[in-house]
Each structure stands twice: as C-alpha cells, then as structure tokens.
Amino acid sequence: MDWSLIILILINTLYVTALDDDCPTLADGDSLSQTQLLDRLTHGCRYDRLERPITYSETGQRLPVDVYMRAYIYFMQNLEAHDLQFKIYALLQMRYLDPRLNFRNVSPKRRQPILGEQHMRDSLWMPHIFLANERDSSILGLTEKDILTSISPDGTVIVSNRIKATLYCWLNLKKFPFDEQHCSTILESWMYNTSELVLHWEQKRPITYDGALHLTEFVLQRSWSNETVINADLSDLRHGAFAGNYSSLSFTVHLTRVVGFYLMDYFLPSMLIVAISWVSFWLQADQAPPRITLGTSTLLTFITLASAQGKTLPKVSYIKVSEVWFLGCTIFIFGSMVEFAFVNTIWRRKNSVPVKKLNSKHILKSTLSPNLLRRRSHARSRSFSGTALQKSIDTSSLSGAGFNNYLTVNLPITTIKEGQVLDQRSRGPRGIQKLDVNFVESAFGDGVRVSGSGSGLGSGSMGAAQSSGAINSAGSSQTLNNNKADGVTHQEEIDLSGWTTLTPQEIAMWIDSRARFVFPLAFLVFNLFFWTFVYCI
C-alpha cells in the first residue's frame, strides 16, 4: 500500500471540510432570520464589497452598472447672494441591481425585502456618488444616521439618505432685485467611469418637492432634470487622478425673486426722497439756508438707504439694475442742488439782462452770456439811432449848389409867427432844446422874411445857407452826444431796437417755475424707461 497516496487523500478531505465550515451554506434559507440570511449572502466566500456587480449581455459583453436616482426636496433655504450659495434638505434615493444578493431561489417563501440601516449598508457594495457643486454636505441624524437600506428578493438594492447640503449657485445679478436665478444640484460618479457605472433618473417623478415648501424671498417657478457625461482629463482632479468620461445627473430649479420687500423698503422711499428735493423750487432763490439744508439732507438720506440695501450683495464687475436706479435718483437730487446754486447766483446779480424774445431759448441764452448780449444790444441801439438820425438829415437838408450836407439840429417843423417867441424852457420829444426866435433871426440875418401867413426864404438865400451851416456846426456836437448827455437811457435804446430787459430776480423766479415742471417730467420719463427695461426686456 502506498501510504503517500493515502496521506494526500486525507489532507484533501480535511481541506474541503475546512472550506465547508468557513463558507456557510444557504440551504433551508426560509428558516434563517434576516440577519443570518444577510450574513450568509455577504460572506467573504461569496461576496466582495470592493467589487462592483458584474453582469453580461447576451453576447458575453461586460455591462456597466445602471444606478437610478430620485430626489425628494422637503426644505430649501433662501439664496445667500453675498456668498453665492443656497442650502437644501433632501432625501436622495438610489437603486441598482446586484445579482449576488438574489435570495429568491435560496428562500422562496421570503417575499418581503430585507430592511436595515447604516450597518447593513456598510456590508454592501455602494456606488460612490458625490455632489459636484457642494460647499458642505452631511447625512442627517443624531445617534444613528438617517440611512435606509433595502434588498429585494431579486437582488435590487435601494439606499435612501437624508442629507443637508450647501451648494454653490453662480447668481446673475444684472437685473437685481428683479432677477431670476437658475440653481443646479449636480451628482456625479466618483471612481467609476461610464464603462463601469451609468447614472439615470427614475422614469416617474425623479424630482419631488414637499407641498409645504415655501421660500420667503423667492418663488419656485419650475424645475427640470438632466443626464449628461462629464469628460475629465488630468487637469481636472475632482475625479481623482483618473481621466475618462463620468456619468452625471443634475436637477435645476428656476427661482423668481419676490420684489415686494424692495418696492416698499427701497424704490417707493427713494421716489419720495427725490420728490422732497423738488420742494426747494417753491422757495425763493435767496433763501439759501433752507434750500441747502433740504438738498443735502435728501441726498445723504438716499445714499444711506441705498448703501444699506447694497451691503447684502456681492461686489460684482457688471452694473446692476439697482445701481442704475441709484445713479438716476442721485442725479435728480444733485440736479435740484445745482439748480439752486444757479438761480442763487443769478439772483445776486445787479444788472438787468437784455432779452431778445420772452421765450426759454433767449432767456437762458441771455442769462448764460449777459455781457456779450449787452454789447450786442448796445450795438443794435446805436445802429438804430444812427439810421434814424440819417433819415432826419435827409428830410431836413436844403437843396442847392452851395449847400453843404452837414449834421443839423433835429428841429421840429414849426410855423413861426411875427412876435411869437417859443418858451425857452420847452423841450422836444427827444430832449433837444428849442431855440429862441431872436436867435433864429439873428442867425439867418436880414434874408429871413417873417410874415403872418408863413415863413419863406427871400433873396438872401445864400446868407441863409451860410447861417444854416453855422447852426449845423453848432448843433452837431449836441447831436453826437445825444445818447449820453441828453438822457437817452439804455432802456430806451433797447425799446427802439425791439429788445426787452429782465431783472435777475425775475429770471431766477422764471427758472424755478420751469424747474417745477421739468424735473417731475424728466423723472417720469426716467421711470418709464427703467420699468420698461425691467419687465419688458
């Protein structure tokens, strides 16, 4: 007998017996408890929790694991604009098939799934899924984490987790506070690429929201889900140091901001502050203390209101709608102060301002350049006076070969009767003195014949012409100095040239009266464009 062969057979028998003792049998599974059945199903001789479930197609090709996800959102915190984040409290559920956990044939009478918590989940293979846009996340629960694990008789595993997550949301604040935000929750596979694991949303109701879900500052308009593939390379280390295509799921919520708070606490008060700044238009231009106090107080109040509202927002590089409103209201309040400074400066002027016509264009033009227009009015007045004087010379000149066309005294045409002497104290309509009859007779000499029916020139016409030259030479200096020496005022010159004058006080009051209508009308137009852009563009 070959003792070596006998010893080899005994060793092999002992080894097989030892293996049977280490790997418990699954026979008579109906008599086992859930814990015993689960321990035998997940025993190391049958189950490796580090290896994913493997299935094959009809052609023998190795298939990836299909993991189906569902989310139930029962609380969502308002968006935190300064941190660009929001918080959600949700129940995430994933479902996949693991053929190694099929106990339908082992325990045919057991038709209910095996239920457990975190300890049961730790003994199974789990797909590693993470929140790609999370800032912080945790599984809820105090002593025991809120984890529910279920294994169906066919090997379907369902794991439900109650989580709290703080997620990033890149807000677009261009139309703040009339903005609409789209915030996403992104789930991705961590270590298995698409050849090993593929994520899917459940076909029916993948995203569900609690009926009592309510946001104080936003309104949830709608939501939608999406399935995609993320291409990761060596420059993207969020999937470790592995390159490849990774399955990804996301659901996005469409939130619209409720503007009631901002209308009552920012926009309506700012409108009233702007309107209060217009009260200064009803105060007289020389009342500097009340108008300055009103302007500065309204400006500082509005800046304080706007700064308090802007503290909750991040500092972004683009211009927001709220900043456009702030700049517009600031310009109107500052404009009322500039208007006061303008009319107060005009009020303190001493000279009247010549105005060609009483309309806005000419009044403002004359107010902004009074010296230039005053010189132009003087030039027109002098031109008018010279033209009138030339016409007087032409009508009163004497015809004849020996007559010299000099400037003459502008005497009225009067019939002088014998013995009649004009009152030397009388003056003409232009302030020119009348000459005595004796002076006239002595000036014309014996050639002047005075009669009761009229006056005429006799045979001494040459003497009359010479005397006329003397009178002309004597009166020329008086005519040249007519405007200055004989009391022709600047106002009379303006009246002759068609211009008028306004006192500085009248111009200041006229500007204030126009500002009472121009500023509200301009603010109304600004509001029209602003609200059209907010709600229509």
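A brief look at the structure comes next. These numbers come from a predicted model, not from an experiment. (Residues numbered from 1 in each chain as written. Predicted model: local features only at pLDDT ≥ 70, side-chain atom pairs only at ≥ 80, totals over all residues. Heavy atoms only, no water.)

**A closer look at the overall build of the protein chain**
Along its length, the protein chain carries 13 helices and 19 strands. By residue count, 36% of the 537 residues in the protein chain fall in the buried class. Of the roughly 31700 Å² that the protein chain leaves accessible, carbon and sulfur atoms contribute 58%. (Helix = DSSP H or I, 4+ residues; strand = E, 2+ residues; numbered from the N terminus. Buried < 20%, exposed > 50% of the residue type's maximum accessible area, 1.4 Å probe, protein only. Areas by Shrake-Rupley, 256 points an atom, 1.4 Å probe, with all protein chains shown as cover.)

**Describing the pattern of salt bridges**
Evaluated as defined, the whole model comprises ten salt bridges. Where D98 meets R100, a salt bridge forms, and the shortest distance between an N and an O atom there is 3.1 Å. Here D98 falls in the buried class, since its relative accessible area comes to 0%. E323 is paired through a salt bridge with K320; the nearest N and O atoms lie 2.9 Å apart. Residue class for E323 comes out partly exposed when judged on its relative accessible area of 30%. Judged by relative accessible area, which is 5%, K320 ranks as buried. (Salt bridge = Lys/Arg side-chain N within 4 Å of Asp/Glu carboxyl O.)

**Examining the packing of aromatic side chains**
Inspection of every chain in the model, using the stated rule, returns 29 aromatic pairs. Consider the rings of F261 and Y262, whose centres lie 5.2 Å apart with planes at 80°: the pair is edge-to-face. Here F267 and F530 contribute two aromatic rings whose centre-to-centre distance is 6.2 Å and whose plane-to-plane angle is 45°, an arrangement assigned as tilted. Residue F267 is located in helix α4 (residues 260–277), and its partner F530 is located in helix α13 (residues 504–536); the two are separated by 263 residues in the primary sequence. Both residues of the pair, F267 and F530, count as buried. A connected cluster of aromatic rings, assembled from ring pairs, spans F178, Y266, F267, W278, W325, F332, F523, F526, F530, W531 and Y535. In this arrangement the basic side chain of K174 is found over the ring face of Y318, its NZ or CZ atom lying 5.7 Å from the centre. It is K175 that lies over the ring of F533; its NZ or CZ is 5.7 Å from the centre. (Phe/Tyr/Trp six-rings, centres within 6.5 Å; stacked < 30°, edge-to-face > 60°. Lys NZ or Arg CZ within 6 Å of the ring centre and 35° of its normal.)

**Let's talk about a positive patch on the surface**
On the surface, K356, K357, K361 and K365 cluster together to form a positively charged patch. By secondary structure assignment, the location of K361 is in helix α7 (residues 360–368). We classify K361 as exposed; its relative accessible area is 61%. (Patch = residues over 30% accessible without salt bridge, like charges linked within 9 Å, V, L, I, M, F, W, Y side chains within 5 Å. Lys, Arg positive; Asp, Glu negative; His and termini not counted. Charge placed at Lys NZ, Arg CZ, Asp CG, Glu CD.)

**A short note on the packing of α4 against helix α6 (residues 321–347)**
For any two helices packed against each other, one specifies the inter-axial angle together with the distance between the axes. At a minimum axis separation of 9 Å, α4 and α6 run at an interaxial angle of 15°. Taken together, α4 and α6 sit at an angle that is classed as roughly parallel. Of the two possible hands of crossing, α4 and α6 adopt the one that is left-handed. Residues Y266, F267, S270, M271, I273, V274 and S277 of α4 form the contact with α6, whose participating residues are S322, W325, F326, C329, F332, I333 and S336. Along the lines of polarity and charge, the residues of the contact of α4 with α6 split into ten nonpolar, four polar and no charged. (Axes fitted to C-alpha atoms, helices over the stretch in contact; angles between N-to-C directions. Parallel < 35°, antiparallel > 145°, perpendicular 65-115°, else oblique. Left-handed = near helix turned anticlockwise from the far one by under 90°. Contact = heavy atoms within 4.5 Å. Nonpolar A, V, L, I, M, F, W, Y, C, P; charged D, E, K, R; others polar.)

**Quick notes on the state of the cysteines**
Taken as a whole, this structure holds two disulfides when the rule is applied. A sulfur-sulfur separation of 2.1 Å characterises the disulfide bridge that pairs C23 with C45. For the disulfide bridge between C23 and C45, the dihedral angle about the S-S bond is near 65°, and by the sign convention the bridge is right-handed. Of this pair, C23 sits in the loop between α1 (3–22) and α2 (34–41) while C45 sits in the loop between α2 and β1 (55–56), and the two are 22 residues apart along the sequence. The class for C23 is partly exposed, based on a relative accessible area of 23%. Each disulfide of the protein chain joins two cysteines, and with those cysteines numbered along the sequence the arrangement is 1-2, 3-4. (Disulfide = S-S within 2.5 Å.)

**Thoughts on α13**
The terminal C-alpha atoms of α13, which comprises 33 residues, lie 47 Å apart, in line with the 48 Å expected from a rise of 1.5 Å per residue. At A515, α13 is deflected by roughly 30°, the largest bend along its length. (Expected span 1.5 Å × (residues − 1). Bend = angle between axes of the 7 residues up to and from the residue.)

**Topic: the nonpolar core**
Counting residues in hydrophobic clusters, the biggest one holds 76 residues, and the most contacted among them are V67, F86, I151, W325 and F523. Filtering out sequence-adjacent residues up to four positions away, F523 remains in contact with M271, V274, W278, W325, C329 and F332. Counting residues in hydrophobic clusters, the runner-up holds twelve residues, among them V343, I363, L502 and W510. (Core = buried A, V, L, I, M, F, W, Y, C linked by side-chain atoms within 4.5 Å.)

**Some thoughts on the layout of surface pockets**
Considered as a void within the structure, the second largest pocket measures approximately 600 Å³ in volume. Lining the second largest pocket are 26 residues, with R121, P127, H128, I129 and N161 positioned closest to its centre. Looking at the lining of the second largest pocket, the elements that each hand over two or more residues are β4 (85–97), α3 (118–122), β6 (129–131), β7 (134–139) and β9 (156–168). Looking at which element gives the most residues to the lining of the second largest pocket, the answer is β7, with four residues. Among the residues forming the lining of the second largest pocket, the class breakdown is 17 nonpolar, five polar and four charged. (1 Å grid on protein atoms, 1.4 Å probe; cavity = no way out; pocket = protein on both sides within 12 Å on 5 of 7 lines; lining within 4 Å. Points joined across faces, edges and corners; volume = space filled by probe spheres on them.)

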